[in-house]
Amino acid sequence: MPEMRLTILSAPPVPTHGWGRYTRDLVSGLSASGAHITLITSRDAPTDPGLPLTAYHCILPSVTHPARFNSLRLMACAPAVRRLAANSDLVHVFAEPYILSTIGINKPLFVTAHGTYVPFSAGRRGVGSLYRRAYQRATILCVSSYTERQVRAVLSRASTYRILNGVDVARYRSDLPSPEKYAPTVLCVGQVKARKGFHILAQAMKAVRAAVPNARAIFIGDTSDTAYVHSLKAQLVADGLTDVVQFLGRVSDETLLGWYHQADVFALPALNVGGKFEGFGLVYLEASAAGLPVIGTRDCGAEDAIRDGETGLLIPQNDPTALAEAVIDLLRDPERRARMGAAGRTFADDHTWTKVAARVIAAYQENLT
């Protein structure tokens, strides 16, 4: 790629949230392909991101912890963004709210649609008209077919591409000490909230435990939604499963990778709740990279992250019985688990960030000619 100059707007490039992880990984892939990158991010970002950047500016309001009237704050940054992007060939918005900071930019514009935010913001009253106009100027890179359909349902004339998320394959195959395993284990990773479906897996574990008496589940992820976590734990008490499901909260990378290597099955029964949906489900791809069979739900981005019957299983949403049957079938069939795990590794190999970056660059070039 001959000397392409990019300006990227994103949340802080840190691994603690989806926008940040996407930024770190895709910036690295784009830079390795020869791109010169100016990253514009929020004022609360780290001063040294440790990324291969040409320039790094922390001038935007936060979108991970948005303040009141944040839309106005975002638009107020547009003149500064225009100045910083003056010498770039194109502008790419990695964190969707920052599309409002590109108003007035007369350059090719791209935005990644990670899931709910683009259709939600385009459908809002009032400020939604500003978002719609901005999105109509942009080429929208959707991380799954489901996300693309939701975007086009609201923005019928939008220019869209489907480019799936990537995974750092080497990271999930690294040889690290693993935690002690003493029973067949179902792993669930994600922010512990209703949309991720932890309560569905908790309900399913009652039937799983009856069929596989020593089975257990490990829940890993942010537990800041305390009301949901309390209701989930009350559910486990009522079902007599407090010793069956273990909450680990946030853990170190080493611990997380250890559980990916030790578990037998990965399951995240995501739900569509109040217009919000799982845009892709990077954790499914991470589990596949680690060699785990994965279970996810239909009617969301997991349909692209899982090859049903090959790398894992897709089940209906909000169906503890179907989930329990899928988990039981896999726990009882080690050969099938091994086949799915091997197929998952192959699938992950086709979705490295280097390959994702090549697909993004192809979309750039098609729209620059």
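Cut-offs used in this document
Residues numbered from 1 in each chain as written. Predicted model: local features only at pLDDT ≥ 70, side-chain atom pairs only at ≥ 80, totals over all residues. Heavy atoms only, no water. Phe/Tyr/Trp six-rings, centres within 6.5 Å; stacked < 30°, edge-to-face > 60°. Helix = DSSP H or I, 4+ residues; strand = E, 2+ residues; numbered from the N terminus. Buried < 20%, exposed > 50% of the residue type's maximum accessible area, 1.4 Å probe, protein only. Lys NZ or Arg CZ within 6 Å of the ring centre and 35° of its normal. Contact = heavy atoms within 4.5 Å. Salt bridge = Lys/Arg side-chain N within 4 Å of Asp/Glu carboxyl O. Pairing = 2+ DSSP bridges. Core = buried A, V, L, I, M, F, W, Y, C linked by side-chain atoms within 4.5 Å. Axes fitted to C-alpha atoms, helices over the stretch in contact; angles between N-to-C directions. Right-handed = clockwise from strand over helix to strand, strands pointing away. Polar contact = N/O pair within 3.5 Å; in protein donor to acceptor, adjacent residues only side chain to side chain. Parallel < 35°, antiparallel > 145°, perpendicular 65-115°, else oblique. Left-handed = near helix turned anticlockwise from the far one by under 90°.

Moving on: the packing of aromatic side chains. Overall, the coordinates contain 12 aromatic pairs when judged by the stated rule. Ring centres of tyrosine 172 and tyrosine 260 lie 5.5 Å apart, and the angle between their planes is 85 degrees; this geometry places the pair in the edge-to-face category. Linking tyrosine 172 in the loop between strand S7 (159–162) and strand S8 (185–189) with tyrosine 260 in helix H9 (residues 253–262), this pair joins segments that are 88 residues apart in sequence. There is no split in this pair, since tyrosine 172 and tyrosine 260 are both buried. Ring plane angle 90 degrees and centroid distance 6.1 Å describe the contact between phenylalanine 266 and tyrosine 284, whose orientation is recorded as edge-to-face. Separated by 18 residues along the polypeptide, phenylalanine 266 in strand S11 (residues 265–267) and tyrosine 284 in helix H10 (residues 282–289) bring together distant segments of the chain. Residue classification places tyrosine 284 among the buried residues on the basis of a relative accessible area of 0%. When the ring centre of tyrosine 182 is taken as origin, the NZ or CZ atom of arginine 216, which lies over that ring, is 4.1 Å away.

Bringing helix H6 (residues 145–154) into the picture now. Of all the residues in H6, the buried ones are Tyr146, Thr147, Glu148 and Val151. Residues of H6 that are buried in the fold lie against strand S5 (109–113), helix H4 (117–122), strand S6 (139–142), S7 and helix H11 (302–305).

Let us now look at the pattern of salt bridges. Taken as a whole and judged by the stated rule, the model has 13 salt bridges. Salt bridges linked by common partners bring Arg195, Lys196 and Glu278 together as one network.

We now examine the pairing of strand S4 (residues 90–93). In regular strands, side chains alternate between the two faces of the sheet. Every second residue of S4 is oriented toward a common face, with Leu90 and His92 on one face and Val91 and Val93 on the other, all of them buried. Relative to S4, strand S1 (residues 5–9) runs parallel, the two being bridged by 4 bridges. The residue of S4 that forms the bridge with threonine 7 is valine 91. Here 3 bridges tie S4 to S5, and the two strands are oriented parallel to one another.

In this structure, Leu187, Met205, Tyr260, Phe266, Ile295 and Leu323 are the most contacted members of the largest nonpolar core, which totals 70 residues. It is helix H12 (residues 320–331) that provides the largest number of residues to this core, a total of 8 residues. Once you skip the residues sitting within four places of it in the chain, tyrosine 260 turns out to touch Tyr172, Leu187, Val189, Phe266, Val283, Glu286, Ala287, Ala290 and Leu292. Formed by 32 residues, the second largest nonpolar core is a distinct cluster that contains Ala85, Ala95, Tyr131 and Val151.

Spatially, 7 strands are ordered S3-S2-S1-S4-S5-S6-S7 in an open sheet, and the strand pairing comes out parallel. At either margin of the open sheet sits one strand with a lone partner, and together these are strand S3 (55–60) and S7. Adjacent strand axes in the sheet meet at a mean angle of 20 degrees, parallel and antiparallel pairs treated alike. Of the strands in this sheet, S5, S6 and S7 touch H6, which is tilted by about 170 degrees from S7. Running at roughly 135 degrees to S4, helix H14 (residues 353–368) makes contact with S1, S4, S5, S6 and S7 of the sheet.

What follows deals with the side chain of serine 10. Within the secondary structure, serine 10 is located in the loop between S1 and helix H1 (18–32). Assessed through its relative accessible area of 0%, serine 10 is described here as buried. Not counting residues up to four positions away in its chain, the partners in contact with serine 10 are Trp19, Thr23, Leu39, Ile40, Thr41, Ser42, Phe94, Ala95 and Tyr98.

The next point concerns the pairing of S1. With respect to burial, S1 is a largely interior element, 4 of its 5 residues being buried. Sheet topology places S1 next to strand S2 (residues 36–42); 5 bridges connect them, and they run parallel. Across the sheet, the residue bridging to leucine 9 is isoleucine 40, located in S2. Between S1 and its parallel partner S2, the chain crosses via H1, and the hand of that crossover is right-handed.

Positionally, glutamate 278 belongs in the loop between S11 and H10. A polar contact of 2.9 Å, which involves the side chain of glutamate 278, links it to the side chain of lysine 196.

Another aspect to go through is the environment of aspartate 299. With respect to the helices and strands, aspartate 299 occurs in the loop between strand S12 (294–297) and H11. In this structure aspartate 299 comes out as partly exposed when scored by relative accessible area, which is 47%. Separated by 277 residues in sequence, aspartate 299 and tyrosine 22 have C-alpha atoms that sit 23 Å apart. Setting aside its immediate chain neighbours within four residues, aspartate 299 contacts Tyr146, Asn272 and Gln317.

What follows covers the packing of helix H7 (residues 198–211) against H12. The N-to-C vectors of H7 and H12 enclose an angle of 45 degrees; their axes lie 8 Å apart at closest approach. Compared by their axis directions, H7 and H12 come out oblique. Crossing of H7 against H12: the hand is right-handed. Here Ile200, Leu201, Gln203, Ala204, Ala207, Val208 and Ala211 of H7 lie close against H12, whose contacting residues are Pro320, Leu323, Ala324, Val327, Ile328 and Leu331.

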